[in-house]
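Remarks on the overall topology
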Amino acid sequence: MKSVKLIFLFCLFCIFSFQVVFGQRNSIPEKVEKLLKKMTLAEKIGQLNQYSGNWEATGPITTNVGNKLDAVKRGEVGSILNIYGVEHTTVFQQAAMQSRLKIPLLFGQDVIHGFSITFPVPLAEAASWDMKAIEKSARVAATEAAASGVHWTFAPMVDIARDPRWGRVMEGAGEDPYLGSLIATARVHGFQGMGLGNLDAVMACAKHFTGYGDVIGGREYNSVDMSLHTLWEVYLPPFKAALDAGAATFMNSFNDLNGVPATGNKYLQRDILKGKWGFKGFVVSDWGSIGEMINHGYVKDSYEAAQVAINAGNDMDMESDSYLKNLAKLVADKKVSERVIDEAVRRILTKKYELGLFSDPYRYSDADREKRILNRKEHVEAARDVAKKSIVLLKNEHQVLPLSKNLNSIAIIGPMAKVKQELKGTWSLNVGNVNDIVSVYEGIQQQVGKTKLLYAKGCDVTDTSRAGFAEAYKIASQADVVVMAMGEQFDWTGEAKSRSNIHLPAIQEDLIKAVIATGKPLVVLLMAGRPMVFNYTADHAPAILYTWWLGNQAGNAIADVLFGNYNPAGKLPITFPRSEGQIPIYYNYFNTGRPAHDDVQTNYPPSYIDLSNTPRFAFGHGLSYTTFNYTNLQINKKNMKKKETITVTFNITNTGKYAGEEVAQFYLRQMVAQPLRPVKELKGFEKVMLEPNETKTITFTINSDKLSFYNEQLEKITQAGEFSLMVGSASDDIRLQDNFTLVD
Ligand code: GLC
């Protein structure tokens, strides 16, 4: 009898536990429905409205909405951006708690590459090809931001970009869909951590959906005109990767795509994102982009703009006020169904529940936790780690690098040698202390012993005065080695920063030329958020490090590389052109009917008659202080059926005297296909550490997914035929090659 009672009690316990666990897990949809039923239409519309705080606008102010705190109290605001810090988010959340239904606000912020500790700009981090380091960077940014009351970052920006004239190339992961997809995944995982509801997790936002990186002429906010085939092959994959990684939100883009503004683009937002891909999060417009459909000439007024945007799948209205002003009337006029509004509200409320904001609207606003978490030592170390991994060694003739720490003297010259704030690049936040930023000069100073440091600025970044040249020449002549810190104006990349001329600015190359004339060993550091053109320097400077904008730890990371504490392993995630005239230039091009070969003399040159067809530095390029030898490529079969795989192995040997990492890259080409396939596509890579004389065997696996592509009907297919497989140190430095056939 007793055992029967025990079994009965155990069953009751199981039923109760099931209810608690599964009932709890499934309660969010039920809670959302319950709340939705209580909401008036005005309150529903309020949830779709996002305002910027009044501190710093990250877009043009086009609305005058009066006191935003009062609007929050009236239930007219679902989210606020550009307000961060526990003290300030608390004030706005308290206002939300005065609204009738006490629906908590979402606080959104552009936490693009760090929060209080600034990390390298995203394009720099992409050069590390190190997914762990990139994820860690986003993880630290999220941890700091969440501790300061932020629920949602408008990142990662996953726009593929092949045009370095476009200022926002700095925010993404470069030109390649495969690398860009892996980085999108790493960043979403970094931002969202163990999942929404954890106090160190923030919602990610895959942006800008889509095509924005292909603006015509590289001109900011310009139109985008591309085939749907290119859209699916090149620009969509990183967004799909971000969605598969669990990105909670998407942001659409300012551009029109083939004549339809992304914000009002049903094909993108409903057919692809919410339909084919099954996205369950919500879509926010980019700043004012709903209202900007009037400027586009796509709608005649704000009323039509709101109608088009909500029906096309844009859930939240950032800063255009179009939804607040028009949706009620649109429903009354039966131009918008309340069902469509309910769907958008559901998506937004679901995220607020998942973040735990209904159970505690202030859970992210703990002043003590904010103090404990910002600027932690381990976070500073993470910033230094990813910064040094982001540096790309473009040239190193006569082994100028690494430098000895026992030199008598080093001349440090250039306008970037002592800058601090600039090292953060754009899309950095005014959090943290500028004194925590390590300049190039300070980084070198902290690493050299008795070596005497000589300094001259030499010139400004953009000024054309040569008054400083003499002093620079003088100290260069006196020193054992010269380090020049040069670069682009720090705020010449980012939003609204397209440049028609991407040369190293003003007279900086003249200063480099003057210093080269001293004949001293010279290292040039180049800082920028984009590829620049610097042909004289590329041809004549013996050693060049591309150091991007590396954030707080720039000086330490650069010194780590200069003195060999860290052997650089960065690889370019984007092609560097010889001239703006070559743009767009990228590695995964089609062969064409008259392939461009610089070494073939013909009356019909398949390139420019006045310039080589090759880039200055290719996608995947990056040197090391050591050398690597690739040998013994083996594939386990020459013919592969669709459901089979091919295993590719090869050896890499460190043939130099320094331990170092190599990013071995794996490319494929389908020799004959319809439609065409590029001359090569990155399909894998491995970053491997090797001691001097050490050899490791690397393995890549080819499956049909790596061979698939979109046909003219935009179906993902594979086609039988011959493939070339290539392994190398860069897209233009292929070391091993073989081929195989995919058979039906
Ligand atoms: C900006 C940017 C977008 C950013 C948003 C909020 O205009 O286009 O990337 O997240 O507005 O600041």
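Residues numbered from 1 in each chain as written. Predicted model: local features only at pLDDT ≥ 70, side-chain atom pairs only at ≥ 80, totals over all residues. Heavy atoms only, no water.

Quick look at the overall build of the protein chain
Note the following rule: Secondary structure follows DSSP: runs of H or I at least 4 residues long count as helices, runs of E at least 2 residues long count as strands, and numbering of each begins at the N terminus. Radius of gyration: over C-alpha atoms. The globule rule applied is 2.2 Å multiplied by the number of residues raised to the 0.38 power. Throughout, exposure labels follow a simple rule: accessible area from a 1.4 Å probe, protein chains only, divided by the maximum for the residue type, with under 20% read as buried, over 50% as exposed, and the rest as partly exposed. A contact between two residues is defined here by any heavy atoms of the two lying within 4.5 Å. Per-residue accessibility takes into account occlusion by the displayed protein chains alone, with areas from the Shrake-Rupley method and a 1.4 Å probe. Residues scored as charged are limited to Lys and Arg (positive) and Asp and Glu (negative), so that His and the chain ends carry no count. Charged groups are reduced to one reference atom each: NZ for lysine, CZ for arginine, CG for aspartic acid, CD for glutamic acid.
Across its full length, the protein chain holds 23 helices and 26 strands. A compact globule built from 744 residues would reach a C-alpha radius of gyration of about 27 Å, and the protein chain, at 27 Å, matches this within 12%. Seen through its C-alpha atoms, the protein chain measures out along the principal axes to roughly 80 × 75 × 65 Å. Here the protein chain, with 744 residues, has 59% of them falling under the buried criterion. Within the protein chain, residue pairs in contact and separated by at least 24 positions form 78% of the contacts whose partners lie at least 6 positions apart. Just so you have it, the protein chain exposes about 28500 Å², and 52% of that area is on carbon and sulfur atoms. Put simply, the protein chain has 81 plus and 79 minus side-chain charges, and the middle of one group is 5 Å from the middle of the other.

Details of helix α20 (residues 508–516)
Just so we agree on the cut-off: It is the directions from the helix axis to the C-beta atoms whose arc is reported.
Residues of α20 that are buried include every one of Gln508, Glu509, Leu511, Ile512 and Val515, and no others. Within α20, the buried residues cover an arc of 155 degrees as seen down the axis, which keeps them to one side. Summarising the contacts, the buried residues of α20 are in contact with β12 (409–413), α19 (469–478), β14 (481–487), β15 (522–527) and α21 (535–540).

Observations regarding the sheet that holds β14
Just so we agree on the cut-off: At least two bridges found by DSSP between two strands are what make those strands a pair. Simply put, an axis is a line fit to the C-alpha atoms, just over the touching stretch for a helix, and the angle between two N-to-C directions goes from 0 to 180 degrees.
Across the sheet, 6 strands lie side by side as β11-β16-β15-β14-β12-β13; this open sheet has mixed pairing. Each edge of the open sheet is held by one strand with a lone partner, namely β11 (392–396) and β13 (452–456). Strand-to-strand twist in this sheet, taken as the mean axis angle between neighbours without regard to direction, amounts to 15 degrees. Of the strands in this sheet, β12, β14 and β15 are in contact with α20, which crosses β14 at around 175 degrees. The strands touched by helix α22 (residues 554–562) are β14, β15 and β16 (543–546); relative to β15, the strand with the most contacts, the crossing angle is about 150 degrees.

Some remarks on the pattern of salt bridges
Under the convention used in this document: Counted as salt bridges are all cases of a side-chain nitrogen of Lys or Arg within 4 Å of a carboxyl oxygen of Asp or Glu.
Within this structure, the stated rule accounts for 41 salt bridges. Between lysine 240 and aspartate 244 there is a salt bridge whose closest N-O contact spans 2.9 Å. Of this pair, lysine 240 and aspartate 244 both sit in helix α10 (residues 237–244), 4 residues apart, which is roughly one turn of that helix. The class for aspartate 244 is exposed, based on a relative accessible area of 51%. Between arginine 616 and aspartate 539 there is a salt bridge whose closest N-O contact spans 2.7 Å. Of the two residues, arginine 616 is situated in the loop between α22 and β17 (628–635) and aspartate 539 in helix α21; the sequence distance between them amounts to 77 residues. Residue classification places aspartate 539 among the partly exposed positions, given a relative accessible area of 43%. Look at the salt bridges and you will find they share partners, linking Asp130, Asp385, Lys389 and Lys687 into a network.

Structural notes on the sheet that holds strand β6 (residues 249–252)
Within the open sheet, the 3 strands sit side by side as β5-β6-β9. Their pairing is parallel. The sheet is open, and its two borders are formed by β5 (205–209) and β9 (282–284), each paired with just one other strand. Each strand axis lies, on average, 25 degrees off the axis of its neighbour in the sheet, ignoring direction. Pairing geometry for β6 and β9, over 3 bridges, is parallel. Bridged to methionine 251 within β9 is valine 284. Packed onto the sheet, α10 meets β5 and β6 and runs at close to 160 degrees relative to β5.

What to know about the domain arrangement of the protein chain
In many reports, interface size means the accessible area that the parts give up when they come together. To be explicit about the condition: Domain limits in this description derive from either an automatic procedure or a database domain assignment. Defined here as a combined quantity, buried area equals the accessible surface (1.4 Å probe) lost by two parts on assembly, summed across both. Any pair of nitrogen or oxygen atoms within 3.5 Å is treated as a polar contact; in protein, a donor-acceptor pairing is required on top of that, and neighbouring residues in sequence qualify only through side-chain atoms on both sides. Each residue is assigned to one of three groups, with Ala, Val, Leu, Ile, Met, Phe, Trp, Tyr, Cys and Pro labelled nonpolar, Asp, Glu, Lys and Arg labelled charged, and all others, Gly among them, labelled polar.
Segmenting the protein chain into domains produces domain 1 (384–582) and domain 2 (628–743). Its C-alpha centre places domain 1 at a distance of 34 Å from the equivalent point of domain 2. Contacts between the two partners involve 6 residues from domain 1 and, on the opposite side, 9 residues from domain 2. A buried area of about 600 Å², summed over both sides, lies between domain 1 and domain 2, and 48% of it is on carbon and sulfur atoms. For domain 1, the biggest contributors to the area lost against domain 2 are Asn567, Ala569 and Lys571; these three give 67% of the whole. For the pair domain 1 and domain 2, the interface holds 1 salt bridge. Ionic pairing is found between lysine 571 and glutamate 662, a salt bridge with its closest N-O pair at 3.2 Å. There are 4 residue pairs in polar contact (both at pLDDT 80 or more) connecting domain 1 and domain 2. The residue makeup of the side of domain 1 that touches domain 2, split by class, is 3 nonpolar, 1 polar and 2 charged.

Notes on the site of the ligand
Put simply, the test is: Working definition: residue near molecule or strand if any one of its non-hydrogen atoms lies within 4 Å of it.
Close to the ligand lie 13 residues; Thr58, Asp110, Arg168, His208 and Asp286 are nearest. Here an oxygen atom of the ligand sits 2.8 Å away from a polar atom, N or O, in the side chain of arginine 168. Contact distances for the ligand include 2.8 Å between an oxygen atom and a side-chain N or O atom of lysine 207. Surface burial for the ligand is 100%, taken as the share of its 310 Å² of free accessible area covered by protein chains. Grouping the amino acids of the shell around the ligand by side-chain chemistry returns 6 nonpolar, 2 polar and 5 charged.

Describing the packing of aromatic side chains
Basically, it comes down to this: Two rings from Phe, Tyr or Trp (for Trp, the six-membered ring) form a pair when their centres sit within 6.5 Å of each other. Planes less than 30 degrees apart are called stacked, planes more than 60 degrees apart edge-to-face, and all others tilted.
Throughout the structure, instances matching the rule amount to 31 aromatic pairs. Taking the centre distance of 4.8 Å and the plane angle of 65 degrees together, the rings of tryptophan 166 and tyrosine 212 count as edge-to-face. In this pair, tryptophan 166 is assigned in the loop between β4 (152–153) and α8 (177–192) and tyrosine 212 in the loop between β5 and α9 (228–235), connecting sequence segments 46 residues apart. Judged by its relative accessible area of 0%, tryptophan 166 is buried. Classification of tyrosine 212 by relative accessible area gives buried; the value is 0%. Consider the rings of phenylalanine 250 and phenylalanine 279, whose centres lie 4.9 Å apart with planes at 55 degrees: the pair is tilted.

A closer look at the packing of α9 against helix α11 (residues 266–276)
For the record, the criterion: Under this scheme an angle from 65 to 115 degrees is roughly perpendicular, one under 35 degrees roughly parallel, and one over 145 degrees roughly antiparallel; angles in between are oblique. Crossings are classed by handedness, with left-handed meaning an anticlockwise turn of the near helix from the far one by less than a right angle and right-handed meaning a clockwise turn.
Relative orientation of the contacting elements α9 and α11 amounts to 50 degrees, with a least axis distance of 15 Å. By the angle between their axes, α9 is oblique relative to α11. Handedness of the α9/α11 crossing: right-handed. From α9, Leu228, Leu231 and Trp232 reach across to α11, where they touch Tyr267, Leu268, Ile272 and Lys276.

Looking at the environment of glycine 449
Secondary-structure assignment places glycine 449 in the loop between α18 (440–445) and β13. With relative accessibility at 59%, the residue glycine 449 sits in the exposed group.

Remarks on unusual backbone geometry
The amide bond that connects alanine 155 to the next residue, proline 156, takes the cis arrangement and shows omega of 10 degrees. Looking at the element boundaries, proline 156 is found in the loop between β4 and α8. The step from phenylalanine 209 to threonine 210 runs through a cis peptide bond, and the omega angle for that step is -10 degrees. Along the chain, the position of threonine 210 falls in the loop between β5 and α9. Not every positive phi belongs to a glycine, and glutamine 399 is a case in point at roughly 50 degrees. Here glutamine 399 shows up in the loop between β11 and β12.

Section: helix α2 (residues 27–38)
Formally: To estimate the expected span of a helix, subtract one from its residue number and multiply by 1.5 Å.
The end-to-end C-alpha separation of α2 is 17 Å, in line with the 16 Å expected for 12 residues at 1.5 Å each. The complete set of buried residues in α2 reads Ser27, Val32, Leu35 and Leu36.

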